[in-house]
Amino acid sequence: MSDPVIRSRRSEALVSPQWLQEHLADPDLRIIDCSAQLVFQPVGPSKVLSGLPAYLERHIPGARYINMASDLSDPLGPYPFTMPGDAQIEALLGRLGISPAHRIVLYGHGYIGSVTRVWYVLHAAGHRQLALLDGGFERWLEEGRPVQAGHQSFAPEHYTVQRRPEVLSDALAVQAAIGEGVACLVNALSREQHQGTGGTHYGRPGRIPGSVNAPARDMIDPQTRRFLSDEALRAQLAAAGVRPGQPVISYCGGGIAATVTAFVLNLLGHDAWSVYDHSLNEWANRHELPMDRDPAA
């Protein structure tokens, strides 16, 4: 049986600095700076440093600012970076002058996961027109494109969330994936973390049993900060053991790096994916749930 034919969404999912500059005045365009830096801890959730001070110094003209942690995480959630509720998303986007009809372009400086986490939350909320600036703010600056400084004010809009519940997985769904073997569990952390031999761990080192490893950091060119080609990304996923069209649940430490995997799957035209939102922040601290690590660890 041949693999299903899957169409790439690269032209919809990524925009270039040239395209974005040419469309800055479009009335239906909304740009969001998602910059935030993660400070990894030896054990447990990462600390998040806001990119707001840098945004105030300079940003792409017309851009709003959203912090994945303080703006788009449930403050009452059981774990850090918990998916926010509808009311929180609607209030934030409405205040920033964004409606469901707008085309949103997201960008950031530094860690790509801060951008893809915002992409994931908005995608899960049902937003239809979402893209990332390929190469981020660094590429924008390198090409000498315009910036502005300071706070911006926006006329409010009305936003209504239309959930895509299928892209959000929990521990029960992961347990079912382990037992049934239909969905592929993909760990987006480093190889050392996956093996349980080094790096940050989140309560117990290692991985969810049966999961494969496709590190999120390997999906970006370290020199250009751009996503690798479709061919290279497909090859990485295939080498990890992900079959075309196979259901995938991606996870990491706290549901951030896993959204890089989710974005790549979506970019490649792969629809049957979801993110384990609490990831190892939950799994590694529930001792009734199994963990694997390499014997030499």
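The rules we used
- Residues numbered from 1 in each chain as written.
- Predicted model: local features only at pLDDT ≥ 70, side-chain atom pairs only at ≥ 80, totals over all residues.
- Heavy atoms only, no water.
- Pairing = 2+ DSSP bridges.
- Helix = DSSP H or I, 4+ residues; strand = E, 2+ residues; numbered from the N terminus.
- Buried < 20%, exposed > 50% of the residue type's maximum accessible area, 1.4 Å probe, protein only.
- Contact = heavy atoms within 4.5 Å.
- Phe/Tyr/Trp six-rings, centres within 6.5 Å; stacked < 30°, edge-to-face > 60°.
- Lys NZ or Arg CZ within 6 Å of the ring centre and 35° of its normal.

Student: Can you walk me through the sheet that holds strand β5 (residues 64-65) in this structure?
Tutor: Note: strands within a sheet are paired through backbone hydrogen bonds, in either parallel or antiparallel orientation. With parallel pairing, five strands are arranged side by side in an open sheet as β1-β7-β6-β2-β5. The sheet is open, and its two borders are formed by β1 (14-15) and β5, each paired with just one other strand.

Student: Is there a simple way to explain the environment of Arg58 in this structure?
Tutor: Checked against the element boundaries, Arg58 lands in the loop between α3 (52-57) and β5. A relative accessible area of 43% places Arg58 in the partly exposed class. With 92 residues separating them in the primary sequence, Arg58 and Gly150 have C-alpha atoms 7.3 Å apart. In contact with Arg58, other than residues within four places in its own chain, are Phe137, Leu141, Val147, Gln148 and Ala149.

Student: Would you explain the sheet that holds strand β8 (residues 168-169) in this entry?
Tutor: Taken in spatial order, the five strands line up as β8-β12-β11-β9-β10 in an open sheet, and their pairing is parallel. Single-partner strands in this sheet number two, and they are β8 and β10 (212-213). Bridge count for strand β9 (residues 184-187) against strand β11 (residues 248-251) is four bridges, and the pairing is parallel. Residue Val186 lies in a different strand from β11, and its bridge partner there is Ser250.

Student: Is there a simple way to think about the environment of Pro209 in this case?
Tutor: Structurally, the position occupied by Pro209 is in the loop between α8 (191-195) and β10. Classification of Pro209 as buried rests on a relative accessible area of 15%. C-alpha separation for the pair Pro209 and Trp140, spaced 69 residues apart in sequence, amounts to 41 Å.

Student: Would you take a moment to explain the packing of aromatic side chains for this structure?
Tutor: Geometry of an aromatic ring pair is reported as the spacing of the ring centres plus the angle between the planes. By the definition in use, this model includes seven aromatic pairs. With a centroid separation of 5.7 Å and 40° between ring planes, the pair formed by Tyr55 and Tyr65 is classed as tilted. Of the two residues, Tyr55 sits in helix α3 while Tyr65 sits in strand β5, which places them ten residues apart along the sequence. Owing to a relative accessible area of 4%, Tyr55 belongs among the buried residues under this scheme. Taking 5.2 Å as the distance between ring centres and 90° as the angle between the ring planes, the aromatic pair formed by Trp119 and Phe263 counts as edge-to-face. Here Trp119 is found in helix α5 (residues 113-124), whereas its partner Phe263 is found in helix α10 (residues 257-267), with 144 residues between them in sequence. The class of Trp119 is buried, set by a relative accessible area of 2%. By way of ring pairs, the aromatic residues Trp119, Tyr120, Phe227, Phe263 and Trp273 are connected into one cluster. Note that Arg64 overlies the ring of Phe154, its terminal NZ or CZ placed 3.7 Å from the centroid.

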